[in-house]
Amino acid sequence: MSATGPFEAVIGLECHVQLQTRSKLFSAASTRFGGAPNSQTDPYTLGLPGTLPVLNEQAVEFALRLGLSTGCRIRRVCRFARKHYFYPDLPKGYQISQLDEPLCEGGHIEFFVGTERRRVRLLRIHLEEDAGKSVHAPTGTSLVDLNRAGVPLVEIVSAPELSSGQEASEYLRAIRRLVRALRISDGNMEEGSLRCDANVSVRRRGETALGTRTELKNINSFRFVQRAIDHEVARQIDLLSRGGQVVQETRGWDAERGTSYPQRGKEEAHDYRYLPEPDLPPLHIDESWLARVRATLPETPMARYDRYVELGLPHADAQLLSSEPELGEYFDRTLSAAGGARAARLAAAWIGSELLGALHRDGRDLPSSPVGPEALAELLRLILDGTLSGKLAKEVFARCYSSGERPAALVAREGLSQISDALAIEAVCRRVIEAHPQQAAKYRAGASKLLGFFIGQVMRETGGRANPERVRQVLESLLGEKS
Amino acid sequence: MLECTPMRITAEEVRITARMARLRLEEAEVERMTLELGRILDYVASLEQVDTTGVAPLDHPGVLTCPLRPDEVGAHLPQREALRNAPLVEQEHFAVPAILVGLSAERGEG
């Protein structure tokens, strides 16, 4: 029985992603985050009379990357439109966006909910400019910073095909991973480079018509997306169960109280008075441009995931290593230096546990890891050829991590290699048995648990360097032959 | 001078349009605007007499495709200059009367 009982939720997300261009969508002011307020403006950003927009080529290219890697149809001719509304952080009194003929249509986003693979269709991806930022001062005034005004955004509109807060949050994470892998945005929700509105409605299971929807705004963290949507779904179900009706409205999410509140009803719904942007002619995307973008398209996280599963990695490892481009690149480099596919599972396990564990403990990121992919590959080769046991390898890793020394050099210098030589092990085992005649007699009389004692003694004698499996075999045969 | 066809635009539509444009109109002004806007619409409506079957819409005379610029940062206005026309400046910001009571600090407006 699902938590929503006889009802099901229908959710669509509108995501705004800031593109990491150097300059704004229609002017040359900087897009840098965190500058002094109102220090990154120019006459166009301020909406001063006589200024005209000139489109940033890189922003279009970033949007094309996203459109191509999500399987969208790319319009060869697309148009810009003016969307009018009054707000102090919108100096021109309109936002340049796209309406009827957006750059990208169709396509889909794939992601996992648990181990289940989901695919949600996209309605469209279009380009638009961001508004400025307003904060409310305790003095009762609102303070406007126009540094953000004009920063390029793509708006990604999903079909209403998500069915829970969890799915919505996984979808949003997939978008974040994707835009980072494509290197078109940092996808940072805290800094507002990824923002999300949700359209939420519920209906009785089996019904095909959509219920009345509400639009949730301000849900700007992964944690809140899930909570805000689940809260809204529960609110609507509660309303309908008691014979009430959902009112079409925009609701804001209050993260502190964990609840939503009505912001504006349908009767006040904006009439944006869209009109074709007279200052920008239609944008033509020619085949050679598309071919160029396609040829340099980075691997998507899902393609990377599939590649790793084919290499034999478990779901969780493949998912982890495809979650961040740096992680996947580190893995790929390790693998090619370690001799390819046969090292795949071992490499994934080492990166996932020892390496990320150590980096996390020290608050370091992957690029600043003291153990680079080549060094890790060296260590993996020493494990694969039997030179190091798992236990010794961990010790070598820890020492290389703190000193920056290469594993092969350390192992050679300190003679740390595992003793696999049968004769050498046998000599130590004989010595140990001769030194403990009483225990040997007891073992031969049936106290087979004492084998562990002998293994321990041998390991101590060899400083932990003997291959424990070989030691066990040799001890068993030596202790067995004299009985 | 074109004759004004009655009801090209209603007084109510003028009121709605004025509200959306944040214009406060007196009743007499609504009356005058209804008449004058009606005349403008009538004038534009004369285009409807032309048969445009099979003629593609012309967005922009002359310019065929959208000019593009390379992604390079140019000159900024000094902050002092940027804020020069602000009715009120507080903490390096444009200060305006509080926006939407009850709305949290930032909108997700797209």
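Everything numeric in this text was worked out from a predicted model, so none of it was measured. (Residues numbered from 1 in each chain as written. Chains lettered and ligands numbered in written order. Predicted model: local features only at pLDDT ≥ 70, side-chain atom pairs only at ≥ 80, totals over all residues. Heavy atoms only, no water.)

With respect to the overall build of chain B
Link 1 in the chain: On a plain count of helices and strands, chain B comes out with three helices and three strands.
Link 2 in the chain: Scanning chain B from its N terminus toward the C terminus, one meets helices and strands in the order α-α-β-α-β-β.
Link 3 in the chain: Within chain B, the fraction of its 110 residues that count as buried is 25%.
Link 4 in the chain: Accessible surface, chain B as shown: approximately 8300 Å² in total, 60% of it carbon and sulfur. (Helix = DSSP H or I, 4+ residues; strand = E, 2+ residues; numbered from the N terminus. Buried < 20%, exposed > 50% of the residue type's maximum accessible area, 1.4 Å probe, protein only. Areas by Shrake-Rupley, 256 points an atom, 1.4 Å probe, with all protein chains shown as cover.)

Some remarks on the domain arrangement of chain A
Link 1 in the chain: Structurally, chain A comprises domain 1 (2-288), domain 2 (299-414) and domain 3 (422-481).
Link 2 in the chain: A C-alpha centroid distance of 68 Å is found between domain 1 of chain A and domain 3 of chain A. (Domains from an automatic or database assignment.)

Details of the pairing of strand β5 (residues 81-84) of chain A
Residue and element names in this part refer to chain A.
Link 1 in the chain: Here β5 shows no split at all, with Ala81 and Lys83 on one side and Arg82 and His84 on the other all buried.
Link 2 in the chain: In this sheet, strand β17 (residues 275-276) lies alongside β5 in antiparallel orientation, the contact comprising two bridges. By the bridge assignment for β17, Ala81 is matched with Pro276.
Link 3 in the chain: Bridging between β5 and strand β6 (residues 94-97) involves four bridges; their strand directions are antiparallel. Bridged to Ala81 within β6 is Ser97. (Pairing = 2+ DSSP bridges.)

Brief notes about helix α10 (residues 390-403) of chain A
Residue and element names in this part refer to chain A.
Link 1 in the chain: For α10, built from 14 residues, the straight-helix expectation of 20 Å at 1.5 Å per residue is met to within 8% by its first-to-last C-alpha distance of 20 Å.
Link 2 in the chain: Residues of α10 that are buried: Leu392, Ala393, Val396, Phe397, Cys400 and Tyr401.
Link 3 in the chain: Looking at the buried positions of α10, the neighbouring elements they touch are α8 (344-362), α9 (373-384) and α11 (407-414).
Link 4 in the chain: One or two steps after α10, the chain reaches Gly404, where phi turns positive at roughly 80°. (Expected span 1.5 Å × (residues − 1). Contact = heavy atoms within 4.5 Å.)

Thoughts on the sheet that holds strand β2 (residues 89-90) of chain B
Link 1 in the chain: Taken together, four strands build an open sheet; the order of strands is β10(A)-β11(A)-β3(B)-β2(B) and the sheet is antiparallel. Each edge of the open sheet is held by one strand with a lone partner, namely β10 (133-136) of chain A together with β2 of chain B.
Link 2 in the chain: With two bridges connecting them, β2(B) and strand β3 (residues 93-97) of chain B associate as antiparallel partners. Pairing of B:Glu90 across the sheet is with B:His93, part of β3(B).

Quick notes on the side chain of A:Ser134
Residues and elements named next belong to chain A.
Link 1 in the chain: Inspection of the secondary structure puts Ser134 in strand β10.
Link 2 in the chain: The buried category is assigned to Ser134, whose relative accessible area is 3%.
Link 3 in the chain: Only 3.4 Å separates the side chain of Ser134 from the side chain of Asp89, close enough to count as a polar contact. (Polar contact = N/O pair within 3.5 Å; in protein donor to acceptor, adjacent residues only side chain to side chain.)

Observations regarding the sheet that holds β6(A)
Link 1 in the chain: Here three strands make up an open sheet; going across it, the order is β6-β5-β17 (chain A) and the pairing antiparallel. Strands at the two margins of the open sheet, each flanked by one partner only, are β6 and β17 of chain A.

Quick look at the packing of α8(A) against α9(A)
When two helices pack together, their arrangement is captured by the angle between the axes and the distance separating the axes.
Residue and element names in this part refer to chain A.
Link 1 in the chain: Interhelical geometry of α8 versus α9 gives an angle of 125° and a closest axis separation of 11 Å. Looking at the two axes, α8 sits oblique to α9. Every pair of crossing elements has a handedness; the one defined by α8 and α9 is right-handed. Two secondary-structure elements touch here, α8 through Leu346, Ala347, Trp350 and Ile351 and α9 through Leu376, Leu379, Leu380, Ile383 and Leu384.
Link 2 in the chain: In terms of residue class, the contact of α8 with α9 is built from nine nonpolar, no polar and no charged. (Axes fitted to C-alpha atoms, helices over the stretch in contact; angles between N-to-C directions. Parallel < 35°, antiparallel > 145°, perpendicular 65-115°, else oblique. Left-handed = near helix turned anticlockwise from the far one by under 90°. Nonpolar A, V, L, I, M, F, W, Y, C, P; charged D, E, K, R; others polar.)

Concerning the interface of chain B and chain A
Link 1 in the chain: The interface is formed by 44 residues belonging to chain B together with 69 residues belonging to chain A.
Link 2 in the chain: Interface area, chain B with chain A, both sides summed: about 4800 Å², of which 54% is carbon and sulfur.
Link 3 in the chain: Taken together, chain B and chain A are joined by zero salt bridges.
Link 4 in the chain: Across the contact surface, chain B and chain A share 20 residue pairs in polar contact (both at pLDDT 80 or more).
Link 5 in the chain: At the level of secondary structure, the elements contributing two or more residues to the side of chain B that touches chain A comprise β1 (68-69), α3 (79-82) and β3 of chain B.
Link 6 in the chain: Tallied by class, the residues present in the side of chain B that touches chain A amount to 22 nonpolar, twelve polar and ten charged.
Link 7 in the chain: Looking at chain direction, strand β11 (residues 141-145) of chain A and β3(B) are connected through four bridges and run antiparallel. Residue A:Thr141 lies in a different strand from β3(B), and its bridge partner there is B:Pro97. (Buried area = accessible area lost by both parts, 1.4 Å probe. Salt bridge = Lys/Arg side-chain N within 4 Å of Asp/Glu carboxyl O.)

Here we look at the packing of helix α7 (residues 325-338) of chain A against α8(A)
Residue and element names in this part refer to chain A.
Link 1 in the chain: Packing of α7 against α8 brings their axes to within 10 Å, and their N-to-C directions diverge by 130°. Taken together, the axis directions place α7 and α8 in an arrangement best described as oblique. Our pair here, α7 against α8, has a crossing hand that is right-handed. The segment α7 lies against α8, with Leu327, Tyr330, Phe331, Thr334 and Leu335 engaging Ala344, Ala347, Ala348, Ile351, Leu355 and Leu356.
Link 2 in the chain: When its residues are assigned to classes, the contact of α7 with α8 shows ten nonpolar, one polar and no charged.

What to know about the nonpolar core
Residue and element names in this part refer to chain A.
Link 1 in the chain: Counting 68 residues, the largest nonpolar core has Leu13, Leu127, Tyr171 and Ile229 as the members making the most contacts within it.
Link 2 in the chain: Leaving out residues up to four positions away in the same chain, Tyr171 has contacts with Leu13, Cys15, Ile109, Phe111, Val120, Leu122, Ile156, Ser158 and Leu162.
Link 3 in the chain: Of all hydrophobic cores here, the second largest spans 40 residues; its members include Tyr308, Tyr330, Leu359 and Tyr401. (Core = buried A, V, L, I, M, F, W, Y, C linked by side-chain atoms within 4.5 Å.)

Some remarks on the packing of aromatic side chains
To describe a pair of aromatic rings, you give the distance between the ring centres and the angle between the ring planes.
All names here are of chain A.
Link 1 in the chain: The full count for this structure, using the stated rule, is ten aromatic pairs over all chains.
Link 2 in the chain: Ring geometry for Phe26 and Tyr44: centres 6.4 Å apart, planes at 65°, overall edge-to-face. Placement of the pair is Phe26 in the loop between β1 (7-18) and β2 (55-56) and Tyr44 in the loop between β1 and β2, with a sequence separation of 18 residues.
Link 3 in the chain: Between Tyr308 and Phe331 the ring centres are 4.7 Å apart and the planes differ by 70°, which places this aromatic pair in the edge-to-face class. With a gap of 23 residues between them, Tyr308 in helix α5 (residues 301-310) and Phe331 in helix α7 connect regions that are remote in the sequence. Each of the two residues, Tyr308 as well as Phe331, counts as buried.
Link 4 in the chain: Among the aromatic residues, those joined into a ring-pair cluster are Phe26, Tyr44 and Phe80.
Link 5 in the chain: Looking at Arg82, its charged tip hangs above the ring of Tyr94, at a distance of 4.0 Å from the centre. (Phe/Tyr/Trp six-rings, centres within 6.5 Å; stacked < 30°, edge-to-face > 60°. Lys NZ or Arg CZ within 6 Å of the ring centre and 35° of its normal.)

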